[in-house]
Each structure stands twice: as C-alpha cells, then as structure tokens.
Amino acid sequence: MLIGLAENPTCIECGLCREVCPVFQIQSQEEYSPRGRAMLHSAGLQTLVFYQCTLCRTCRVVCPIGHDPNGEILRSGLIEAGIETPANQTMIINIRLYGNPFGPLADGELPKVLTCC
Ligand code: SF4
Ligand code: SF4
C-alpha cells in the first residue's frame, strides 16, 4: 500500500533494512540502501538512484517504524523533473510506437533485448 510522503514516518537511520534490500545486496553502497535513499530524499535531492529499487517493500517489513520507500512517488518526481535514463526513454518511445517496451516485434517473436531503467 502506498503511503503519501507527508504521513510516511521519517527514517530513524537504524540500518536494519540494509540486510534485506536486494538492490543493496548487489550494489553494496549506502546510497542504494533503503536508508541511503531515505537520506537522499530528506536532503531534497533528486537522483537516478531512485530508479534502483525493485519496489518489493521488503525494507518496510523489517523497518521498526514502518517507513515506506515510496519508490513509485520518488520515480514520478524524477519523471516530472525530466530526470530519466536513456533506457527509460527508449522504453517509453517503444510503448508509444509499438505498444510494448521492447520495440518492433513480429507475431510470436521474443524480444532480443530486455531493457530496464
Ligand atoms: S522496496 Fe526498494 S529499497 Fe526497499 S527493499 Fe525493495 S528494492 Fe530495497
Ligand atoms: S528505513 Fe526503517 S529500517 Fe531502514 S534505516 Fe530507516 S528506520 Fe531503519
């Protein structure tokens, strides 16, 4: 369930979420952890790091105060600010032109490239 940014409990920076975040497990840098993302947001920054979230909300399950990462809202803020990755722009163009994120596909053809933001 999405929580509006205004009613979302403020992260207390305990770090419990770091152990369960799949993105942090791969990137191993604080800015990619749920705590790091919360700190970047609190500082008023808009950064491509906000795209690096699976939206799984495992972090919220273990969070002692129930802080929600609100990845969808942070991403929509990036889009409104015109902050997009080239892969994201390509997916949007493909969806508009071909109705799918992969580009032109013949009937039954599988995509050759899987894009992600
Ligand atoms: S919702 Fe995002 S920040 Fe939270 S655990 Fe999943 S990938 Fe990490
Ligand atoms: S998001 Fe929750 S679990 Fe993670 S550091 Fe902040 S308060 Fe702790």
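Starting from 1, residues in each chain are numbered consecutively following that chain's sequence as written. Chains and ligands are labelled by the order in which they are written, letters from A for the one and numbers from 1 for the other. Where totals are concerned, whole chains, interfaces and linings use all residues; where local detail is concerned, this predicted model gives features only for residues with pLDDT of at least 70, and gives and counts side-chain atom pairs only at 80 or more.

Draft legend 1. Structural detail: the site of ligand 2. Using a C-beta atom placed from the backbone, a residue is scored as near a molecule or strand whenever that atom is within 6 Å of it. Every one of the 14 residues lining ligand 2 counts as a neighbour, but Cys-11, Cys-14, Cys-17, Arg-35 and Cys-63 are closest to it. The element that contributes the greatest number of residues to the shell around ligand 2 is helix α2 (residues 34-42), accounting for three residues. The residue makeup of the shell around ligand 2, split by class, is 10 nonpolar, two polar and two charged. Each helix corresponds to a stretch of at least 4 residues labelled H or I by DSSP, and each strand to a stretch of at least 2 residues labelled E; elements are numbered beginning at the N terminus. Put simply, Ala, Val, Leu, Ile, Met, Phe, Trp, Tyr, Cys and Pro go in the nonpolar bin, Asp, Glu, Lys and Arg in the charged bin, and everything else, Gly too, in the polar bin.

Draft legend 2. Structural context of the site of ligand 1. With respect to spatial proximity, 15 residues lie near ligand 1, and among them Cys-21, Pro-34, Cys-53, Cys-56 and Cys-59 are the closest. Elements that contribute at least two residues to the shell around ligand 1 include exactly α1 (22-27), α2 and α3 (58-62).

Draft legend 3. Looking closely at helix α5 (residues 86-98). Given a rise of 1.5 Å per residue, 13 residues ought to cover 18 Å, and the 18 Å separating the end C-alpha atoms of α5 matches this to within 8%. Gly-99, located one to two residues past α5, shows a positive phi value of around 80°. Expected span of a helix, by definition, is 1.5 Å for each gap between consecutive residues, and there is one gap fewer than residues.

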